[in-house]
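Structural features, examined
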Amino acid sequence: SWAESFSDPTLLETDIFINQLPGGLFGWDLAEKSGTPMLVAAVIPLAFTRTAPVMGFPALRLPGYNALSYRLAEQLVWSFFGPVINRWRIHQLGLPSHPRGAYFAQLRHSTPFLNGFSPLVVPPPADWPAHIHTVGYWLPEQGGWQPPEALLRFLDAGPPPVFIGFGSMPVPDPAQTTKTLVEALRRTG
């Protein structure tokens, strides 16, 4: 059965799926199979709007371009993930495959969509439907956290470390980026 393909049996006891993957990838399928509701959570603007292009696309002033950018992004994502998702749906979940374009249409209807960023930083577009909510940043609760002893020893052992992170963003020219970073570190000591 499909449940045997998951190592954690509590999946079947889930009250709601919270999916942060763009387009709700894989979450829709689990929600459909289990009959469990799903909501989408995002920390960057990903919900369809006609007022701006999808994240990663350039801002152009062309009629219809913003809406088209979402459709293009969906098609690109589906071209990579669609075959994998459909194989999983058929062979593991016992569900029919999704036709091209149907998967992302679910986002534009009634699935709750929570944006974890400030509406002052990214004002909600007027064309977002009522199921899309901008709720502010999700910050950890402040409490009595103390760093582990090993971390404290590491920090005390020398000058303060420097962290340079790129998240999931690709670096088009790694050699030039590295050169720039090394120079910045050299200049700042």
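In short, a report on the structure. (Residues numbered from 1 in each chain as written. Predicted model: local features only at pLDDT ≥ 70, side-chain atom pairs only at ≥ 80, totals over all residues. Heavy atoms only, no water.)

**Examining the overall build of the protein**
Threshold: Secondary structure elements follow DSSP: runs of H or I of four or more residues count as helices, runs of E of two or more count as strands, with numbering from the N terminus. Each radius of gyration reported is based on C-alpha atoms, and the globular scaling rule is 2.2 Å times the count of residues to the power 0.38. The criterion used for residue contact is that any of the two residues' heavy atoms lie within 4.5 Å. For the accessible areas, the method is Shrake-Rupley and the probe is 1.4 Å, while residue cover comes only from the protein chains on display. Residues counted as positive are Lys and Arg, residues counted as negative are Asp and Glu, and His and the chain ends are not counted. To locate a charge, take atom NZ for lysine, CZ for arginine, CG for aspartate or CD for glutamate.
For the protein, the helix and strand inventory stands at five helices and four strands. Rg of the C-alpha trace for the protein: 21 Å, well past the compact-globule value of 16 Å for 189 residues, more than 25% over. A principal-axis box enclosing the C-alpha atoms of the protein has dimensions of 60 × 50 × 35 Å. Long-range pairs, those at least 24 residues apart, make up 44% of the contacts in the protein between residues at least 6 apart in sequence. For the protein, the exposed area adds up to about 12900 Å²; of that, 64% sits on carbon and sulfur atoms. For the protein, the centre of its 12 positive side-chain charges and the centre of its 13 negative side-chain charges are spaced 14 Å apart.

**Focus: the nonpolar core**
Selection rule: Residues enter a nonpolar core if they are buried and are Ala, Val, Leu, Ile, Met, Phe, Trp, Tyr or Cys, with the set joined through side-chain atoms within 4.5 Å. Relative accessibility decides the category of a residue: with a 1.4 Å probe and only protein chains considered, values under 20% of the type maximum give buried, values over 50% give exposed, and everything between is partly exposed.
In this structure, Met38, Tyr103 and Phe113 are the most contacted members of the largest nonpolar core, which totals 20 residues. Sorting elements by how many residues they give to this core places helix α2 (residues 65-93) first, with four residues.

**Points about the pairing of strand β2 (residues 38-42)**
Applicable threshold: Paired strands, in this sense, are two strands between which DSSP finds at least two bridges. Note on handedness: a crossover is taken as right-handed if, strands pointing away from the viewer, the path from the first strand over the helix to the second is clockwise.
The buried count for β2 comes to five of five residues, which makes it a mostly enclosed element. Taken together, the three bridges between strand β1 (residues 17-19) and β2 define a ladder with parallel strand orientation. Bridge pairing in β2 places isoleucine 18 opposite leucine 39. With helix α1 (residues 27-34) bridging β1 and the parallel β2, this β-α-β connection has right-handed handedness. The pairing of β2 with strand β3 (residues 113-115) spans three bridges and is parallel. The residue bridging alanine 42 from the neighbouring strand is asparagine 115, located in β3.

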